[in-house]
Structure formats: structure tokens, C-alpha cells
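Topology and contacts: notes
So the chains spell out like this:
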Number of protein chains: 2
Amino acid sequence: MVARTPEAFAKSGIEVRTKTEVVGIRPESGEVRLGDGSTLHFDHLVIATGAQARTLGVEGEELPGVFALRDLSDAMRIKAYLHDRNARRAVVIGSGFIGLELCEAFREQDMDVTLVNNHTLPMHRLGEEFGGRIIEELETHQILHLPETMAQAVDSASDGSLQVHTADSDILQTDIVIVAIGVVPEVALANSAGVRIGDTGAVATDDRMQTNLPSVYAAGDCCECRHRVSGKPVWVPLGDTANKQGRIAGINIGGGRAAFPGIIGSSCFKVFGLHVATTGLTEKEAGAAGFEPRATTIRGSSRPHYYPGARTFWLRLVSDRETGRVVGAQAVGYGGAVEHVNILAAAITAEMTVEDLAYADFAYAPPFGGAWDPIHIAAQKLTK
Amino acid sequence: MVARTPEAFAKSGIEVRTKTEVVGIRPESGEVRLGDGSTLHFDHLVIATGAQARTLGVEGEELPGVFALRDLSDAMRIKAYLHDRNARRAVVIGSGFIGLELCEAFREQDMDVTLVNNHTLPMHRLGEEFGGRIIEELETHQILHLPETMAQAVDSASDGSLQVHTADSDILQTDIVIVAIGVVPEVALANSAGVRIGDTGAVATDDRMQTNLPSVYAAGDCCECRHRVSGKPVWVPLGDTANKQGRIAGINIGGGRAAFPGIIGSSCFKVFGLHVATTGLTEKEAGAAGFEPRATTIRGSSRPHYYPGARTFWLRLVSDRETGRVVGAQAVGYGGAVEHVNILAAAITAEMTVEDLAYADFAYAPPFGGAWDPIHIAAQKLTK
């Protein structure tokens, strides 16, 4: 993908209006109202308003030096601030993947980093064992992890630095604060136009990405979609899903026929050397979705013991007791985690069972793994 | 897996007889005859006689310094020979994965290596494009690749070195010769006992690994098995398949019930920095198996262009035109090849279609790939 200017788009017959706000949609007349009072006509409209960073809602959040990281301009402002203030200390509030990636980014700049986590574990959805491995990785890299800690206010100290006050009355001295506590869908415009908002709080569409208003489509982080394992609408805003939804909307608007099949909740990230990946449901989520979950965790290696350079990972496989269907997988490790989760993403998409996987034929050679893959071993355990 | 001595096995109640040859099987009386004239009784017998290296059948093949590489003792003899003779030149005959791995191993010892290939391309099954990439990798590492070249005789030169005579009347001077032209199943014993040999030339079993003789099972490289895509019996002797067959035979003999589901022909290896992986059928094989194949090759990257450290790979996806079913995939590259082939191994096992894959939800983050995976792009191309 090459970044293109409005001029370059214009050559393709596409008019790009930068710094232009849509303040209202009139679906019945096929018009959008712009901030300057003018209107634009549409036959088809795509709402792709994305998501916004959640805010803490505490005093001092608007101070200079307190940032959210949502887009490229945020990143550039943070980078400029670090440079201008010669920032040496960072407080990161929030232990999702953005918060964890920022811990790594700041540490790579040799900064002192404190992670303020209102949960006990980072990426708490992944549970105690995997969350514990993330904590170990943070500690190895001198990140100060403060579990069960709420930020209650931010203020400026007399020397121009910032102070984060916690609910436990601790005061964290820092040069920069990042609030990375998740996102909320940006649906105000859609809502005001009569576009249906789903129970998740995001725009509801059908599998063609069409909203309840026939001329109005929606795509990307502002949309909910169907989870193919639980069958329920979910809101999991991620870049690859947004790409797919945009393409599907475009094909349908252009007169083609394409259906977005939904998601299975696959995602991954790395924090320092540790890779973390997940697909489908966790054991807890599987129970909530009406499955009777069974789960097992297998320690794997990117190579057999006799081959130098082996890297360890841990794979958790979740299946349904009655049907044997694979409903989820999570992995953390120093290699192999993402790769194994993506094999299982295919398996979950195809509704494979642990029996189907127990003796499945994967490409094997010692530079790439052992003759028995952790997927075989986990599936055999869950077959019994 | 820990190597165990006969004494260690004995403690588990397992008697291991080393240096003991079985010279005959009497299935009707449940006995095997040993080389020393004694007999052993069995209730269940497992034939796991493996495979033998194919020989060239040319003069001089028995000379010292001409080796096949089949097992650990071969490797140890080759290593000792290299050391004793201070070998600096190697001729490798055969361009399958063993031949290619040996090219790398010898080159790592700074030896001059010539690869004698009776085909035009190494790993000729993978076709021109991927074979060409393997040739490039060989050339980068100063391997002399001689395509369409037959070894016709080997003899000793007056200085004690070896000479390989080719059909084109070239003479290749060398210190060691490796014959790596494949293997043949070792079925003489099974055959003489009345065990049915399949059309592939290997032992035929059912999916419980039972032969036509109820008390006789077989497992490993001496066995054929069912290809799950073509539906036909095939002989693809590989270590991971052997492991699975052994386990299935053991479960059934022990009174359990387990079925070996067959293979889809997944395998991989590396030659220098190039990874090569395959699963299912090639386009040509798919045609021969009665499919109407479509195929496309996509250039992929282990990371998006803006993320440092990206490694290129090429993925070929093969589908059936009428049903859209994914019937094969091959990949070569400097990262990502094996990982992507294994995702597709799951897809092929589950009989997924290109439509199922076109918008499948894989775990994505920039350290691990792009938002559109080459699998998406290839599947979308084949969907049209």
C-alpha cells in the first residue's frame, strides 16, 4: 500500500476532501451536510468513522504530556514531546496490547517505565498462566508493573514534570503519561442519522456491510460483526478486519456480491521478545457462549531439543467436550506462538474437532519443529 | 524423546534384542525365526522394517568414500571419513531434500560441492519457478549445480581421490561421493510371510495399521498410506508419519481403537537460508488426480514494508475449479514458507475452499505480517 496525496487520488477520479467534517446525514434525500454548511449528494454512503481512545475521566487528563495513541498524528506528537522535554520517565496506564507495545517502545529509548494496571494481570483475558509470563517479560526488561492500581488524577509538579496519583495514594513522578485503556466506537453521526447501533454499541450491519438504511454501508472500527464461534455480535476493532469490511462494502456498492463471514477473534502482538496470540474463545468465554469447555496447555519448542536455537512457547487449546470442536487457542512464547495460533485459526474457521487435529499431517523438519507438534499433543489430550 | 539403552528398556519390562535379524515370519503359528535358528512367539507382530537408500547401480558404487545417508551410523561414518581424509571436495548425487541438506552441510565445512542432478531442477516436483529459486540459493552459496547429469561410474584416481564419470563424459574429481537418490521400502520379509504389498511397492495396511494378516501390523517407512486429497494409496516415507503410524498400531494392539487418517503430503526442509514447504497436491498432481486445477503464486513478506527485517516468500495455492476446494500449496522463501503451508495443511485437511479462506480471520500484527495475508490474496484470486 502506497500513501497517496489528494492530488494522486484526483488523477484516478477520486476527490479527497481533507479537513472536512460531516456534521449530519440525510439518508432520505441522499445528502451529507458538511461543517461549512454545504451538502454532498450520495447514492451510497460508507460510514467509516472508526473508534476513539477511551478516556480516564480524571482530573488533569487534559494536561500537556498526557497522551492517547490512536493514529499517526498521536504518534508524531508523542515523539516530538519526548524529544522536546528530553523525557526519561513514562507512565503507561492500561495493560492491553497498545499499553504493552508502548512499554517496549519507551524502554527501547532507555526510559524508566511504569505500567499502571487496574487488573491483576496484563492482557487479563488470557488468564493467570499467560498473564504471568507477560509479567515475567516485563520484569526482565525493567518495566515496573503496578497491578490492581487505578490512576485517580494527574497534575503538574513544580519542576514541570507530571504526577500520577493512584487510588492507593501513591504518587508516580513522570515526564509523560499515556492513557491506553481501550477504545470506543465513534457512532454519534450514524446514530443521529437513524443507523441502527447494535447491543455492542457499534454500528450493526448485515454480512454485506449494509446498515438498516439501504443506501448506507459501514466498515471498520465503528462496526460490530458476528463472532463465528459464539454466533453473537461482537465488537473487536482491528486493522485487518477493517480492511476486509472495507473491501466487502466496496464490492457490494460496486455491484458485485460479497459477504463478510465474521471474525473468530484472532489477534497477536509482541512485547519485547515475547509473542502473544489468540484465536477463538478462551475457556471462560467458551463457557459463557454455551459450550462445555475443556482446555489443556502444552509447552512447545520451535525446534527439537537436539537442534540449536530452539525457542519455547506455550499453547493452550480449548475444545467443546460434547462435540470435540476446537473453539479457541491462545499462545505465548519466544517463537511459534503466532504461527500455531494461525494454524488453529484455520481449524476453528473450518469447525475442526480435536480428533481431526490429533494426527493431522503438518510439514515437519527439525529446523522448524518436532515430529509431534504441540497441536497434535494438545488435541490428543483433549480427545481422551 | 530420550535415547534409551536395552538395559533401560528392560526395567520397563521391554526386551530389546540388538544385532538380531528376523529371517522369517510364520503368521499361522505366530512365530518369527531369528538368524541364529531360534524362534520367538508373538500374539501381535509389528513390521517396521523401514526403507533403504536407493542405489545407482553403477560401477564403483561400493568404493570407500561413496556413501548413502540413511541413518545415524551412516552420518557417523561420513563424518569420520571426512575427518580421516581431510576431504575438501564433495559430489552429491540427487537433488531431493537429503541431497540439498548435504550440500549445505558440506559447504558449512568450507568444502567445494558439486550437485549432480539427473533432472533439470532440484526438487523437480515443485516446478520451474520454485526450482529456479532453489538453484539461485545454491549458486549464492557456491554450489556447482549440474542439471540433466547422470553419474555413470565412480573410480579411484591414482592420488587416492575419487572420480565420478558422467554420461556426458565429464569427470568430477572429489574426495567423497554421496548417493541421495531416494529410498525404497524394505518389504522382503513382509512379502515372504504373505503380507500384502500395495501397488506402491510398500506394505498395505488398513487405517488401524493392520495388514491382511490379522496378527500382523505394520508402521513407518515400509508402509503405504492413503492420500486424503487424491484418495489414492501413496508411499511418502517421512518421520512424522512413521511416528503417528507407530502410535496408532500400538493403541490398537493394546486393545484401544485408533485410526490413522492418512496423509496430505506435507513436508518441509531448508537449504541454506531458503525454506521450502509443500502440502497437498501440485497443480500437475491435482490434474492427474482428477481435479481441474487452478493455481496462483503470491509474493509475501514476513512483515509489512515499513517494518524492518521483512523476509520474502512465495506461496503457490492450488484449488479445484469446480468446487473451489483447496487441494495443495507450495512455498519457498526466507521466512513464512513453512508457517503458511501449515495453515493450508489444516485448510486442506478440513476440505476448505478458497471462498472459506478469502476473508478468514488470522492473527495479524506488523511484526508478523501484513493485514492481508498472501493466503487471503491467493484465495481471492482463485475465487474469481
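Source: prediction; values computed, not measured.

Conventions used here
Residues numbered from 1 in each chain as written. Chains lettered and ligands numbered in written order. Predicted model: local features only at pLDDT ≥ 70, side-chain atom pairs only at ≥ 80, totals over all residues. Heavy atoms only, no water. Domains from an automatic or database assignment. Contact = heavy atoms within 4.5 Å. Buried area = accessible area lost by both parts, 1.4 Å probe. Salt bridge = Lys/Arg side-chain N within 4 Å of Asp/Glu carboxyl O. Polar contact = N/O pair within 3.5 Å; in protein donor to acceptor, adjacent residues only side chain to side chain. Nonpolar A, V, L, I, M, F, W, Y, C, P; charged D, E, K, R; others polar. Buried < 20%, exposed > 50% of the residue type's maximum accessible area, 1.4 Å probe, protein only. Helix = DSSP H or I, 4+ residues; strand = E, 2+ residues; numbered from the N terminus. Pairing = 2+ DSSP bridges. Axes fitted to C-alpha atoms, helices over the stretch in contact; angles between N-to-C directions. Expected span 1.5 Å × (residues − 1). Arc of directions from axis to C-beta. Disulfide = S-S within 2.5 Å.

1. Observations regarding the domain arrangement of chain A
All names here are of chain A. Splitting chain A by domain gives domain 1 (19-52 + 185-253), domain 2 (66-181) and domain 3 (267-383). Here the C-alpha centre of domain 3 lies 35 Å away from the C-alpha centre of domain 1. Domain 1 puts six residues into the contact, and the matching count from domain 3 is 10 residues. With both chains or domains summed, domain 1 and domain 3 bury close to 550 Å², and 64% of this area falls on carbon and sulfur atoms. The tally of links between domain 1 and domain 3 comes to zero salt bridges. Counting the contacts that link domain 1 with domain 3 gives zero residue pairs in polar contact (both at pLDDT 80 or more). Its residues placed into classes, the side of domain 1 that touches domain 3 shows two nonpolar, two polar and two charged.

2. Considerations on the pairing of strand 21 (residues 312-320) of chain A
Residues and elements named next belong to chain A. Among the nine residues of strand 21, seven are classified as buried, and the element is accordingly described as predominantly covered. With nine bridges joining them, strand 20 (residues 293-301) and strand 21 adopt antiparallel strand pairing. Opposite Thr-296, over in strand 21, you have Leu-317 as the bridge partner. Judged from the seven bridges that link them, strand 21 and strand 22 (residues 326-333) form a sheet pairing that is antiparallel. Bridging from a neighbouring strand, Leu-315 pairs with Ala-331 of strand 22.

3. Points about the sheet that holds strand 12 (residues 171-174) of chain B
Residues and elements named next belong to chain B. The strand order across the open sheet formed by three strands is 10-11-12, and the pairing between neighbours is antiparallel. The sheet is open, and its two edges are formed by strand 10 (151-156) and strand 12, each paired on a single side. Between one strand and the next, the sheet's axes are offset by a mean angle of 20°, whatever the strand orientation.

4. Comments concerning helix 6 (residues 239-253) of chain B
For helix 6 of chain B, with 15 residues, the first-to-last C-alpha span of 21 Å sits near the 21 Å given by 1.5 Å per residue. Within helix 6 of chain B, burial applies to Asp-240, Thr-241, Lys-244, Gln-245, Ile-248, Ala-249 and Asn-252 of chain B. As for helix 6 of chain B, its buried residues are in contact with helix 10 (374-383) of chain A together with strand 15 (216-218) and strand 16 (225-226) of chain B. Where helix 6 of chain B terminates, the next one or two residues include Gly-255 of chain B, which has phi positive at roughly 100°.

5. A short note on the pairing of strand 2 (residues 31-34) of chain A
Residues and elements named next belong to chain A. Of the two faces of strand 2, the one lined by Val-32 and Leu-34 is fully buried and the one lined by Glu-31 and Arg-33 carries no buried residue. One ladder, built from four bridges, connects strand 1 (residues 22-26) with strand 2; its direction is antiparallel. Directly across from Gly-24, in strand 2, lies its bridge partner Arg-33. The loop that links strand 1 with its antiparallel partner strand 2 comprises four residues; one of these, Gly-30, has a positive phi angle of about 65°. Sheet topology note: the strand 2/strand 3 (residues 39-41) ladder contains three bridges and is antiparallel. Considered in strand 3, the bridge of Arg-33 is made with Thr-39. Here strand 2 folds back onto strand 3 in antiparallel fashion, the turn holding four residues, of which Gly-37 has a positive phi close to 90°.

6. What to know about helix 4 (residues 127-140) of chain A
Residues and elements named next belong to chain A. The terminal C-alpha atoms of helix 4 lie 20 Å apart, and with 14 residues this matches the ideal 20 Å at 1.5 Å per residue to within 8%. Of all the residues in helix 4, the buried ones are Phe-130, Gly-131, Ile-134, Ile-135, Glu-137 and Leu-138. For helix 4, the angular spread of the buried residues around the axis is 160°, confining them to a single face. For helix 4, the exposed residues lying more than 90 degrees away from the buried face are Glu-128 and Glu-139. Downstream of helix 4 by one or two residues, Gln-142 has phi in the positive range, about 60°.

7. Here we look at the interface of chain B and chain A
Contacts between the two partners involve 44 residues from chain B and, on the opposite side, 44 residues from chain A. For the pairing of chain B and chain A, the buried interface totals around 4100 Å² over both sides, and the portion due to carbon and sulfur atoms is 64%. Counting the surface chain B buries against chain A, the share from its top three residues, Tyr-359, Asp-361 and Phe-368 of chain B, is 20%. Taken together, chain B and chain A are joined by zero salt bridges. Where chain B packs against chain A, one counts 16 residue pairs in polar contact (both at pLDDT 80 or more). Counting only elements with at least two residues in the side of chain B that touches chain A, the list comes to helix 6, strand 18 (267-271), strand 19 (274-280), helix 8 (337-349) and helix 10 (374-383) of chain B. Here the side of chain B that touches chain A takes eight residues from helix 8 of chain B, the largest share from any one element.

8. Some words on the state of the cysteines
Counting across every chain of the model gives zero disulfides over all chains. Not engaged in a disulfide, the cysteine Cys-268 of chain A finds its nearest cysteine sulfur in Cys-225 of chain A; these two sulfurs lie 17 Å apart. Assessed through its relative accessible area of 5%, Cys-268 of chain A is described here as buried. Counting only cysteine sulfurs, Cys-222 of chain B is the nearest neighbor of Cys-223 of chain B, a cysteine outside any disulfide, at a range of 4.1 Å. Classification of Cys-223 of chain B by relative accessible area gives buried; the value is 5%.

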